[in-house]
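Coordinates in review
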Amino acid sequence: MSKPKGFEKPAGVRDYLPFAVDKLRAIERRVLDCMAGWGYRQIMTPTMEYYDTVGVASSTSDQKLFKLLNNRGTTMVLRSDMTAPIARVVASLLKEEPLPLRLSYHANVFRAIEEEAGREAEFYQTGVELVGDDSPDADAEVIALAVASLQAAGVKSFKIAVGHVGFLNGLLEDAVPGREDIQEALKAGLLHRDFVGYRETLSQLSLSQEQRDELEGILRLRGGKEICGQALELSRNPLAQSSVQHLSQVWDALEDFGVAEHVMIDLTMIGDFSYYTGMTFEGYAAELGFPVCSGGRYDNLLQQFGRPSPATGFSLKTNRILDGVGGLETEPELPVVLQYDVPNRKRAFAEAERLRSEGCSVLMRRAEGPEDLLSAPESVRKAGPLGPAYGDILTFVSF
Ligand SMILES: N[C@@H](Cc1c[nH]c[nH+]1)C(=O)O
């Protein structure tokens, strides 16, 4: 590759100009406040982790991890999510802390991407982890909190699709026992929402009519609570059955949370991370084709750090909400511009301090003469991406 030009930046990363930062911060604040209202306390972890610990535990494929070497030659990674780092903290710094633990975060995470996909390599997540509770109510809590968080972020119309990896694993093991290759191919179709590809894979297999019906049947398992009944009919596998029973209890709790109208059951759903062990979910905004939040239960991750405990959680894709949905309408307050000449500088600075102590934003400007004075706020309204630089004008001059 030729030497990049000075203005170029790597694929998948971006700059946020002030108006975008205003919006992003407003969403972040509102969502974290919402999470605090449910008892979640904020945590921060390093951007960089060891490849061998958090990198591996993050269950992000090797090609998607950003790897770097430190000065001792140890392989490090840029965190690809916050779930694995938080598992590390819960098992180390917080190991004496009684469970359940409720933690929230807002952080940038990194995933290498296929350039042509137009996806972000660095993006922002606002999320929670609920560690130490394996009940259906804990799963329902994080889904209900995802609903509340999307609303707090200004997303008006959305649907959360909830599935269960246990159901899929049980059904696939029943239908094509011991054929991990086929199971993986079918799961890949579901993961990419490629139902045509899924059907094609099915058609290439030599299966009995019963097996085919069972595997085709998955594709119809999307809807309300009635889907649980249909799923119990479709597969008698014990894991599939217990998974659906758990999901139906999650649904009942969601009804009691009053959020069931935002939720659908979708047993074709399969989470993007191999650490998921139970229910998984994704949230879709009406305006957008890609998920704005995702989460799920991961009961085996913490044991990799020496503190076995069940856990569940989710994260919002905060910058996607900012870009695609508009998020919150924020009208940043324009600063007052305070113009002065040297003889009046001290007085002007004191006035600026007074205004700032009242919460105003004040911008200082030294005027060199009468023709250098700004006269009307309108005259500074410019069309550039930053919009107008200031509102009211206060003048402290003797000329
Ligand atoms: N870490 C997941 C979201 C999640 C949080 N907790 C459980 N899942 C992600 O990046 O999509």
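Below or above, wherever it landed, is the structure these notes cover. Everything numeric here is computed off the predicted structure, so don't read it as measured data.

Comments concerning the packing of helix H9 (residues 226-234) against helix H10 (residues 238-257)
Orientation of H9 relative to H10, taken along the N-to-C sense of each, is 170°, at an axis distance of 9 Å. Our classification of the angle between H9 and H10 gives roughly antiparallel. Contacts between H9 and H10 involve Cys 228, Ala 231 and Leu 232 from the first element and Gln 241, Val 244, Gln 245 and Ser 248 from the second. By residue class, the composition of the contact of H9 with H10 is four nonpolar, three polar and no charged.

Thoughts on the site of the ligand
The environment of the ligand is made up of 16 residues, and the closest members are Asp 81, Thr 83, Gln 125, Glu 129 and Tyr 276. Within the side chain of Arg 111, an N or O atom sits 2.9 Å from an oxygen atom of the ligand. Glu 129 places a polar side-chain atom, nitrogen or oxygen, 2.8 Å from a nitrogen atom of the ligand. Every element with two or more residues in the shell around the ligand is listed here: strand E6 (122-131), strand E11 (291-297) and strand E12 (311-317). Tallied by class, residues from the shell around the ligand come to six nonpolar, seven polar and three charged.

Re helix H6 (residues 180-191)
End to end, H6 covers 16 Å across 12 residues, agreeing with the expected 16 Å (1.5 Å per residue, within 8%). Along H6, the positions that sit buried rather than exposed are Ile 182, Gln 183, Leu 186, Lys 187, Gly 189 and Leu 190. For H6, the buried positions fall inside an angular range of 155° around the axis, keeping them on one side. Looking at the buried side of H6, the elements it contacts are helix H5 (165-175), helix H7 (195-203) and helix H8 (209-217). Arg 193 sits one or two positions beyond H6 and adopts a positive phi of about 55°.

As for the nonpolar core
In this structure, Ile 143, Leu 150, Ile 160, Leu 215, Phe 281 and Phe 314 are the most contacted members of the largest nonpolar core, which totals 75 residues. Excluding residues within four positions of it along the chain, Ile 160 makes contact with Ile 143, Ala 146, Val 147, Leu 150, His 262, Val 263, Met 264, Phe 281, Glu 282, Gly 283 and Cys 293. Listed in part, the 25 residues of the second largest apolar core include Val 89, Leu 103, Phe 273 and Leu 301.

Looking at the sheet that holds strand E9 (residues 263-266)
In space, the nine strands of this open sheet follow the order E1-E5-E6-E12-E11-E10-E7-E9-E8, with mixed pairing throughout. Pairing within the sheet leaves two strands with one partner each, and these edge strands are strand E1 (41-42) and strand E8 (222-223). Note: E11 against E12, five bridges, orientation antiparallel. For Cys 293, the partnering residue across the bridge sits in E12 and is Leu 316. Along the sheet, helix H3 (residues 83-91) makes contact with strand E5 (101-110) and E6, crossing E5 at roughly 135°.

Here we look at the side chain of Glu 49
Mapped onto the secondary structure, Glu 49 falls in strand E2 (residues 48-50). Looking at Glu 49, the relative accessible area reads 6%, which means it is buried. Within the structure, Glu 49 has its side chain in polar contact with the side chain of Arg 88 (distance 2.8 Å).

A look at unusual backbone geometry
In this structure, Pro 100 follows Leu 99 across a cis peptide bond, with omega equal to 0°. By the element assignment, Pro 100 lies in the loop between H3 and E5. Phi is positive for Ser 59, which is not a glycine, with a value near 50°. Here Ser 59 is to be found in the loop between helix H2 (51-57) and strand E3 (67-69). The phi torsion at Arg 193 lies on the positive side, around 55°, for a residue other than glycine.

Details of the pattern of salt bridges
In this structure the tally under the stated criterion is 20 salt bridges. Between Asp 181 and Arg 179 there is a salt bridge; the shortest N-O distance is 2.9 Å. Between Glu 184 and Lys 187 there is a salt bridge, with the nearest N and O atoms lying 3.9 Å from each other. One end of the pair, Glu 184, and the other, Lys 187, are both in helix H6, three residues apart, so they sit about a helical turn from each other. For Glu 184, a relative accessible area of 45% gives the class partly exposed. On the basis of relative accessibility, which here comes to 16%, the residue Lys 187 falls in the buried class. Where salt bridges share partners, they join Asp 139, Arg 297 and Asp 299 into one cluster.

Cut-off values and rules
- Residues numbered from 1 in each chain as written.
- Predicted model: local features only at pLDDT ≥ 70, side-chain atom pairs only at ≥ 80, totals over all residues.
- Heavy atoms only, no water.
- Axes fitted to C-alpha atoms, helices over the stretch in contact; angles between N-to-C directions.
- Helix = DSSP H or I, 4+ residues; strand = E, 2+ residues; numbered from the N terminus.
- Parallel < 35°, antiparallel > 145°, perpendicular 65-115°, else oblique.
- Contact = heavy atoms within 4.5 Å.
- Nonpolar A, V, L, I, M, F, W, Y, C, P; charged D, E, K, R; others polar.
- Near = heavy atom within 4 Å.
- Polar contact = N/O pair within 3.5 Å; in protein donor to acceptor, adjacent residues only side chain to side chain.
- Expected span 1.5 Å × (residues − 1).
- Buried < 20%, exposed > 50% of the residue type's maximum accessible area, 1.4 Å probe, protein only.
- Arc of directions from axis to C-beta.
- Core = buried A, V, L, I, M, F, W, Y, C linked by side-chain atoms within 4.5 Å.
- Pairing = 2+ DSSP bridges.
- Salt bridge = Lys/Arg side-chain N within 4 Å of Asp/Glu carboxyl O.

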